[in-house]
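Letter by letter, the chains look like this.
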Amino acid sequence: MNDGNAIYRFLQPLAPDFVGDWGVVVTAAMVGVGIVVAIVSVIAMVSVWLERKVSAHIQCRYGPMYVGGWHGWAQTIADGVKLLTKEDLIPVGADRMLFMLSPSILLGALFAAMAALPLAPAFYFGWFDLGVFMILAFSSLTTIGVVMAGWASNSKWSLYGAMREAAQVVAYEIPLGVSLLAPLLVAGTFNLVEASHDQADFFGMGWFVFKNPFVAAASVVFFIAVLAETKRAPFDLPEAESELVAGFLTEYSGIRWSFFFMEEYAAMFLMSAVTAFFFFGGFESPFTYLAHEAFGDGIGYQLVCFATLAVKGFAGIFLMMWLRWTLPRLRIDQVMTMGYKYLTPIALLCVLGAGLWEGLKYALF
Amino acid sequence: MDVRKQQLTFYTLLLVATLAALAWGTRTAGTQGAAFALFASFTLGGGLMCIWERSVVRSAFSLMATFCGVAGLFVLLGHDYLAMAQILIYVGGILVLILFGVMLTPPDLKERQLPRVGLGVVLVLGTLLAVGAKVAATVEWARADTLPQIESRADYIGAAFLRAEDGYLVPFELAAVLLTVALVAAVYIARRKPSDLVDPAEEGGY
């Protein structure tokens, strides 16, 4: 399995002689970057449209209905064109260098994290033994981007947003990592493809949440921490449009502003996918099982795996939107209380219980 | 010199140094050398920026380049786990805490005292060169091609770490106990004592 980059493997036999190995590596890297950027853009486009429709239906409205014909599907494209042509404003008192740097750091960290996400069992950008660890590490980098944006804007609302983000990160980073340890104990690997493969029994329904009750409890803790990690309501304190104008985004406009939202929606998909991989079966489902029976490891099976992952990712995004438009925002002290007093002990207990359960299973069977 | 010119000179010099390092690395060791030069310039450049910038927050942000550069050096050495832990702990944890601490400080707008900075740089560089020359002359350097191959898989690291006969189980547990004691002590010191909780009505209200 450990044979490097899938794109490299695909391109290598096709490349003419004069290109050389080095040329293939560079081409594969460029294609990989292109694919990641395209995926991030498409996810952001679909999610923004989905968010508008979901919020509208929760509030008994229609949402966008005209642009593009069918239920306003092209609304996000129209918005994108508008944002591209909008004036790029930088406030006079802002720290220009950091103000311009922060969206790049945010998106760069997200792309690096996305590179560790396999799209199908045989299609990944690199075989990372530490896949999920890498995703967690690079998504923690996005915090710095947010804090940088807030500080560089030189506005009190932005600074408050940045302060809240920093305080929030310290509170939820520990339950996020610790609750993930429970399924990692069951899986015995950090690699996402291997973890998904471990859940293939019981006709593709041997998900870790069904195998171990403590993992099921940990999945709730993890999902709450993911909400805080992606700055989604009820944890959208850094943005808090009804309190801080737009929090750390207040001074941003045009395409820079839209970069922040691209990051937010792609991070939502990424973290939903991680939740799917380590709690809800990853690529595995009864459909995947049937596809594997029918096609073996062929292209049909890979496509079904990709579709399963996409469905699970968007199911997670839908759940996040549902929560956002249903629950009121927490106060910052409530976020702290939740992170320190409730989520951390519960996550620790889940790890202990999951370990004991696995040990007992090992001892008895 | 005004501040703008100073900044421009400093960053131009930094860029030139980075490009020179890149060229030198590529010439001596190909792609690996270029990657090493890039990460080394990130590490050192971040450190220099941290000293140079007058705003404490900017200094803190420049530490990010240093931490990421060190992580890149770990990757070059084949230690993916250390690299990721470096990013997760230093950038995602410690740097956020530092920023949280210094975010509300204003930039120091006093004129930069260049002679003092120059003296500091000369002293530090002189010491570094003296010590570095001594180290380079005396230490027998380990070379990547003579070292044993390292598996950077998580299960390998975990097994080596917690092995019963020559593992590090006891130090690991001791470190965990020490950290718990430190956490509990911090909470004890920071907690609200009954004497802090004065009823606002008694104080004359807000």
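On a predicted model such as this, the values are computed, not experimentally measured, just so you know. (Residues numbered from 1 in each chain as written. Chains lettered and ligands numbered in written order. Predicted model: local features only at pLDDT ≥ 70, side-chain atom pairs only at ≥ 80, totals over all residues. Heavy atoms only, no water.)

A. Structural view of the interface of chain B and chain A. Taken together, the 26 residues of chain B in the interface contact 29 residues of chain A. Of the roughly 2500 Å² buried at the junction of chain B and chain A (both faces included), carbon and sulfur atoms supply 82%. The largest per-residue losses of area from chain B upon contact with chain A belong to Phe-61, Met-84 and Met-103 of chain B, which jointly make up 24% of the total buried on that side. Counting across the interface, chain B meets chain A through one residue pair in polar contact (both at pLDDT 80 or more). Of all the elements, helix H3 (residues 80-102) of chain B adds the most residues to the side of chain B that touches chain A, at 13 residues. When grouped by side-chain class, the residues that make up the side of chain B that touches chain A number 19 nonpolar, four polar and three charged. (Contact = heavy atoms within 4.5 Å. Buried area = accessible area lost by both parts, 1.4 Å probe. Polar contact = N/O pair within 3.5 Å; in protein donor to acceptor, adjacent residues only side chain to side chain. Helix = DSSP H or I, 4+ residues; strand = E, 2+ residues; numbered from the N terminus. Nonpolar A, V, L, I, M, F, W, Y, C, P; charged D, E, K, R; others polar.)

B. Focus on the layout of surface pockets. There is about 1600 Å³ of room inside the second largest pocket. Phe-138 of chain A together with Phe-39, Phe-42, Cys-68 and Gly-72 of chain B are, among the 46 residues lining the second largest pocket, the residues nearest its centre. Elements supplying a minimum of two residues to the lining of the second largest pocket: helix H4 (96-114) and helix H5 (131-152) of chain A together with helix H1 (3-52), helix H2 (56-76) and H3 of chain B. Per element, the largest residue contribution to the lining of the second largest pocket is 11 residues, and it comes from H1 of chain B. Of the residues in the lining of the second largest pocket, the class split is 32 nonpolar, 10 polar and four charged. (1 Å grid on protein atoms, 1.4 Å probe; cavity = no way out; pocket = protein on both sides within 12 Å on 5 of 7 lines; lining within 4 Å. Points joined across faces, edges and corners; volume = space filled by probe spheres on them.)

C. Highlighting the pattern of salt bridges. Residue and element names in this part refer to chain A. Evaluated as defined, the whole model comprises 10 salt bridges over all chains. For Lys-211, the salt bridge goes to Asp-201, with nearest N and O atoms at 3.4 Å. Of this pair, Lys-211 sits in helix H9 (residues 208-211) while Asp-201 sits in helix H8 (residues 201-204), and the two are 10 residues apart along the sequence. On the basis of relative accessibility, which here comes to 35%, the residue Asp-201 falls in the partly exposed class. (Salt bridge = Lys/Arg side-chain N within 4 Å of Asp/Glu carboxyl O. Buried < 20%, exposed > 50% of the residue type's maximum accessible area, 1.4 Å probe, protein only.)

D. Region of the structure containing the confidence of the model for chain A. For chain A, mean pLDDT is 84; residues scoring 70 or higher make up 97% of the total. Ranking the elements of chain A by mean pLDDT puts helix H1 (residues 6-11) of chain A last, at 71, and helix H10 (residues 213-229) of chain A first, at 90. (pLDDT = per-residue confidence, 0-100.)

E. Representation of a nonpolar patch on the surface within the structure. All names here are of chain A. Residues Val-42, Met-45, Val-46, Trp-70, Trp-73, Ile-77 and Val-81 make up a contiguous nonpolar surface patch of about 670 Å² in total accessible area. Elements that contribute at least two residues to the nonpolar patch include exactly helix H2 (20-58) and helix H3 (75-85). No other element matches the three residues that H2 contributes to the nonpolar patch. (Patch = residues over 30% accessible without salt bridge, like charges linked within 9 Å, V, L, I, M, F, W, Y side chains within 5 Å. Areas by Shrake-Rupley, 256 points an atom, 1.4 Å probe, with all protein chains shown as cover.)

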